[in-house]
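For reference, the chains in residue letters:
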Amino acid sequence: MAAATIPRRTASREAALSPTTQKETVRLCTQALEESDVVFVWLDAPDAYGTLVELGYAKALGKRIIVAHPPQTLIRTDETGGDLEERDDMWFAYSIADVEIAAPDAKAAWDMALPLLESPHALLNA
C-alpha cells in the first residue's frame, strides 16, 4: 500500500516561499496524493488550509481517507459564561473521511489508524 509523507508548513513559512518553490511544493504534494492508496490527515488547527486542499484533492481522486483530530472541546456560547456547546469548525472535513479518529495527539491517532492500514479490507469495513 502506498503512503506519502507531506511536510507540514506553518503559514509564515509558506508565505516566505518563492513562487517557484510554491509550484514545486504543489507538484510534489499532488504527486504524492496521486500515488497514495490511503491518506491520513491530522487536523488540529483551524487554519490548516493546505491540508484541507489536499484532503479535498484526495477525495476527488477517490482515495480512502482517515481524518484524525483532537477530541472536540466545549466552548462558551455567550459572554456571560453560561451555556457550553460542543463545536468544531472542521465538521465538513471530518464528514468526507472514510474514518474519523479523535485522539489526544497525532501519534495516538496514527497508532489507532495502523490496524486499519495493515489489513486491506479493514479500512473498507471501518
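Report follows, based on the coordinates. Not measured: the values here are computed from a predicted model.

1. Some thoughts on the overall build of the protein chain
Line of reasoning, step 1. Summing up its helical and strand segments, the protein chain has 6 helices and 5 strands in all.
Line of reasoning, step 2. Secondary structure elements of the protein chain occur, N-terminal to C-terminal, as α-α-β-α-β-β-β-α-β-α-α.
Line of reasoning, step 3. By residue count, 28% of the 126 residues in the protein chain fall in the buried class.
Line of reasoning, step 4. Intrachain contacts of the protein chain at a sequence separation of at least 6 include 67% that bridge at least 24 residues.
Line of reasoning, step 5. Carbon and sulfur atoms provide 55% of the accessible area of the protein chain, an area that totals close to 8300 Å².

2. Focus: the pattern of salt bridges
Line of reasoning, step 1. Overall, the coordinates contain 2 salt bridges when judged by the stated rule.
Line of reasoning, step 2. Linking Glu24 and Arg27 is a salt bridge whose minimum nitrogen-to-oxygen distance equals 2.8 Å. You can see Glu24 and its partner Arg27 sitting in helix H2 (residues 19-35), 3 residues apart, about one turn around the helix.
Line of reasoning, step 3. With relative accessibility at 36%, the residue Glu24 sits in the partly exposed group.
Line of reasoning, step 4. You can call Arg27 partly exposed: its relative accessible area is 41%.
Line of reasoning, step 5. Between Lys107 and Asp111 there is a salt bridge; the shortest N-O distance is 2.9 Å. With a gap of 4 residues between them, Lys107 and Asp111 both fall in helix H5 (residues 106-118), about one helical turn apart.

3. Some points on the environment of Val41
Line of reasoning, step 1. Relative to the helices and strands, Val41 is located in strand S1 (residues 38-42).
Line of reasoning, step 2. Along the sequence, Val41 and Ala68 sit 27 residues apart, while their C-alpha atoms lie 6.0 Å from each other.
Line of reasoning, step 3. Once residues within four sequence positions are removed from consideration, Val41 is found in contact with Thr51, Leu55, Ile66, Val67 and Ala68.

Criteria and cut-off values
- Residues numbered from 1 in each chain as written.
- Predicted model: local features only at pLDDT ≥ 70, side-chain atom pairs only at ≥ 80, totals over all residues.
- Heavy atoms only, no water.
- Helix = DSSP H or I, 4+ residues; strand = E, 2+ residues; numbered from the N terminus.
- Buried < 20%, exposed > 50% of the residue type's maximum accessible area, 1.4 Å probe, protein only.
- Contact = heavy atoms within 4.5 Å.
- Areas by Shrake-Rupley, 256 points an atom, 1.4 Å probe, with all protein chains shown as cover.
- Salt bridge = Lys/Arg side-chain N within 4 Å of Asp/Glu carboxyl O.

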